[in-house]
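# Secondary and tertiary structure notes
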Amino acid sequence: NCWYINKDTVKEIGYESITHHIWEEQKKTIPAKYLGEPLIHFKMKDGQCSYDITKDGSSCQFLTFLINASNFTWRKSPEEIEEAEENENRIHLLSKLCAIGYMAMEAKDNNVARAVIGMDGKQSEVGESNGRSGKSLIDIFSDQFIWNDVQENTKLVFIDDVLQNFNFEFLFPVITGDWTINYKGGRRITIPFAKSAKIYIPTNHAIRGNGSSFKDRQWLIAFSDFYNDVHKPLDDFGCLFFSEWDYDQWNLTWNLLANCIQLYLEFGVIQAPGERLEQRKLRQEITEPLISWADEYFSDPAHLNTRL
């Protein structure tokens, strides 16, 4: 069967009920059972975010992982954490869940045409990579066959670990318009906007570019350093995600994905709280040599309020 999802309900229906065409590989030949209610419920009022998690939600490893990855106050003791910081953590989580719902939906809306950008939210030196991956993209857009692996049935394009000088503007046409692809061998096709893929970009750096043209094409989500070189999801959950999950964890994850789609339909685009990401972007634009010099120079009180 398949699931019919709207903002308020999830219904299990048969494939005979589908009136539009789908690709054969979109049918997952695995068992799944809807658990009857969302795993997590959110409320937003006047900038204040709250949520309740069901018993099933507390058992979902992927949801717990996302909660931890949205926790920017984990180094503080409970009494040190302010309510505004807790609220920011909750908005970070909602931002991720809505973005997952957006990427899971095949439907596209011209008013919400964005690339989802997963950023490292930890404040650290520019150029320092807080991720574990050493992969880079070096001038990928000089390759005329860069989209050679994108097909008509491709639903998500994943551009991994981009560098500081990543040319995001190059993606403007494929984010908001039709997607033209040159294949090796001379074939060329154009996939219309309504059927083209969505884009996800993880990065340890701030994406360069200012102005509404950039902001309107980006959905920023931020990850804390709760998981890092010395603390991995395996330490918390005792298994490798996806490859070592049993039926129960997979079923909880399918339920979470349905939940994410409902949250996106309810709340729309929820950007990650911006101050942390803006500081990271400013640090990148100022550059580390200037920051290093200024930290030392202005540590001398004699240099304050004097002409330089």
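Here is a short report on the structure shown in this document.

Below, the discussion takes up the pairing of strand S3 (residues 40-45). Each regular strand shows side chains that alternate between the opposite faces of the sheet. Bridge count between S3 and strand S4 (residues 48-53): six bridges; the pairing is antiparallel. Pairing of His41 across the sheet is with Asp52, part of S4. Connecting S3 to the next strand, S4, in antiparallel fashion are two residues, including Asp46 with a positive phi near 55°.

This part is about the sheet that holds strand S6 (residues 156-158). Spatial ordering of the open sheet is given by S6-S9-S5-S10, a layout of four strands whose pairing is parallel. Each edge of the open sheet is held by one strand with a lone partner, namely S6 and strand S10 (218-223). Neighbour to neighbour, the strand axes of the sheet diverge by 20° on average, direction disregarded. The sheet contact formed by S6 and strand S9 (residues 198-203) spans three bridges and is parallel. Within the sheet, the bridge partner assigned to Val157 lies in S9 and is Ile199. Contacts from helix H3 (residues 83-104) reach strand S5 (115-120), S6, S9 and S10, with the element oriented near 130° to S10.

A few words now on the side chain of Arg114. By the element assignment, Arg114 lies in the loop between H3 and S5. Of note is the side chain of Arg114, whose polar atom sits 2.8 Å from the backbone oxygen of Gln218. Beyond its immediate sequence surroundings of up to four residues, Arg114 is in contact with Tyr102, Ile175, Lys215, Asp216, Arg217, Gln218, Trp219, Val269 and Gln271.

In this section: unusual backbone geometry. Positive phi, close to 55°, is recorded for Asp46, a residue that is not glycine. Locating Asp46 in the fold gives a position in the loop between S3 and S4. With a phi angle near 70°, Phe242 is a residue other than glycine that sits in the positive phi range.

All right, on to the environment of Glu86 then. Here Glu86 shows up in helix H3. A relative accessible area of 31% places Glu86 in the partly exposed class. For the pair Glu86 and Lys11, spaced 75 residues apart in sequence, the C-alpha to C-alpha distance is 34 Å.

Moving on to helix H2 (residues 61-69). Within H2, seven of the nine residues are buried, which leaves the element mostly enclosed by the surrounding structure. Looking only at H2, the buried set comprises Gln61, Phe62, Leu63, Phe65, Leu66, Asn68 and Ala69.

Attention now moves to the nonpolar core. Counting residues in hydrophobic clusters, the biggest one holds 37 residues, and the most contacted among them are Phe42, Phe62, Leu66, Leu97, Val116, Trp219 and Leu256. Where this core is concerned, the elements lending two or more residues are S3, H2, H3, S10 and helix H7 (247-267). The leading source of residues in this core is H3, at nine residues. Beyond its immediate sequence surroundings of up to four residues, Leu256 is in contact with Leu39, Cys60, Phe62, Leu63, Leu66 and Leu97. Within the second largest apolar cluster, 28 residues are counted, among which are Ala115, Phe141, Val150 and Val157.

The rules we used
- Residues numbered from 1 in each chain as written.
- Predicted model: local features only at pLDDT ≥ 70, side-chain atom pairs only at ≥ 80, totals over all residues.
- Heavy atoms only, no water.
- Pairing = 2+ DSSP bridges.
- Helix = DSSP H or I, 4+ residues; strand = E, 2+ residues; numbered from the N terminus.
- Axes fitted to C-alpha atoms, helices over the stretch in contact; angles between N-to-C directions.
- Contact = heavy atoms within 4.5 Å.
- Polar contact = N/O pair within 3.5 Å; in protein donor to acceptor, adjacent residues only side chain to side chain.
- Buried < 20%, exposed > 50% of the residue type's maximum accessible area, 1.4 Å probe, protein only.
- Core = buried A, V, L, I, M, F, W, Y, C linked by side-chain atoms within 4.5 Å.

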